[in-house]
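# Report on the structure
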Amino acid sequence: AITQIFDKHSVPYFGVLDGDTYAKYAGKGLLWCLFTVDFAAGGVGAVADEWRPTMTAVAKRFQDKMRVTYTDTLLYKDTIDGMLGVKKFPALVYQPGAGSKAKYIYNGTMTEE
């Protein structure tokens, strides 16, 4: 019971995915939120803040199935292309398991529905 509580709350509902945090997201599905980052407009933090209400709602709705993350698409552009095959942002990519070869890419309108 206690391990389930720690597992459920070991990462934020909508958290940064980078080289330091990737291992924390293992074990569940992973939703990569790949937004266009503009450093002049505040960088990745500003984009995350803009999308936090919507993506937190998504994360709470699917918390038993997947983790919802955001990534610096400027810094990790080549990694994202190599791992996920995504070159155009914004995009959402769902992987049934972190590191899974299976993936589903969405480039449409983004809402919590």
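Residues numbered from 1 in each chain as written. Predicted model: local features only at pLDDT ≥ 70, side-chain atom pairs only at ≥ 80, totals over all residues. Heavy atoms only, no water.

### Some points on the overall build of the protein chain
For the record, the criterion: Counting from the N terminus, the helices are the DSSP runs of H or I reaching at least four residues and the strands are the DSSP runs of E reaching at least two. As a reference, a globule follows 2.2 Å times the number of residues to the power 0.38, and the radius of gyration itself is taken over C-alpha atoms. Burial classes: relative accessible area under 20% of the type maximum marks a residue as buried, over 50% as exposed, and values in between as partly exposed (1.4 Å probe, protein chains only). Throughout, a residue-residue contact means that at least one pair of heavy atoms, one from each residue, lies within 4.5 Å. Each accessible area is a Shrake-Rupley estimate made with a 1.4 Å probe; only the visible protein chains count as cover when residues are assessed.
Check the secondary structure of the protein chain and you find three helices and five strands. Ordered by position from the N terminus, the helices and strands of the protein chain form the series α-β-β-α-β-α-β-β. Taken against the 2.2 N^0.38 rule, which gives 13 Å for 113 residues, the C-alpha radius of gyration of the protein chain at 14 Å falls within 12% of a compact globule. Put simply, the protein chain has 113 residues, and 37% of those count as buried. Sequence-distant contacts, at least 24 apart, represent 65% of the contacts inside the protein chain between residues at least 6 apart. As displayed, the protein chain has an accessible area near 6,800 Å², and 55% of this comes from carbon and sulfur atoms.

### Structural notes on the confidence of the model for the protein chain
Basically, it comes down to this: Here pLDDT means the predictor's own confidence in every residue, given as a number from 0 to 100.
Per-residue pLDDT for the protein chain has a mean of 89; in total, 94% of the residues score no lower than 70. Within the protein chain, helix α1 (residues 2-8) has the poorest average pLDDT of any element, 70, and strand β4 (residues 91-95) the best, 95.

### With respect to the sheet that holds strand β5 (residues 104-106)
Counted only if it meets this: DSSP calls a pair of strands paired once it identifies at least 2 bridges connecting them. Fitted lines through C-alpha atoms serve as axes, helices being fitted only where they are in contact, and the angles separating the N-to-C directions of these axes extend from 0 to 180 degrees.
Read from one edge of the open sheet, five strands run β1-β3-β2-β4-β5, paired in mixed fashion. Looking at strand neighbours, the two that pair on one side only are β1 (14-16) and β5, the edges of this open sheet. Here the strands of the sheet are splayed against their neighbours by 25 degrees on average, with no regard to which way each runs. Lying on the sheet, helix α2 (residues 43-61) is in contact with β1, β2 (29-34), β3 (66-70) and β4; it crosses β3 at an angle near 160 degrees. Helix α3 (residues 77-84) rests against β2, β4 and β5 of the sheet, and its axis sits at about 135 degrees to β2.

### Observations regarding the side chain of T73
Here is the rule: The term polar contact refers here to a pair of N or O atoms within 3.5 Å; inside protein, the definition further demands a hydrogen-donor-capable atom paired with an acceptor-capable atom, and it admits residues adjacent in sequence only when both atoms are side-chain atoms.
The residue T73 is located in the loop between β3 and α3 in this model. At 2.7 Å, the side chain of T73 and the backbone oxygen of F35 are in polar contact. Not counting residues within four places of it along the chain, the set of residues in contact with T73 comprises L34, F35, T36, V37, I80 and F89.

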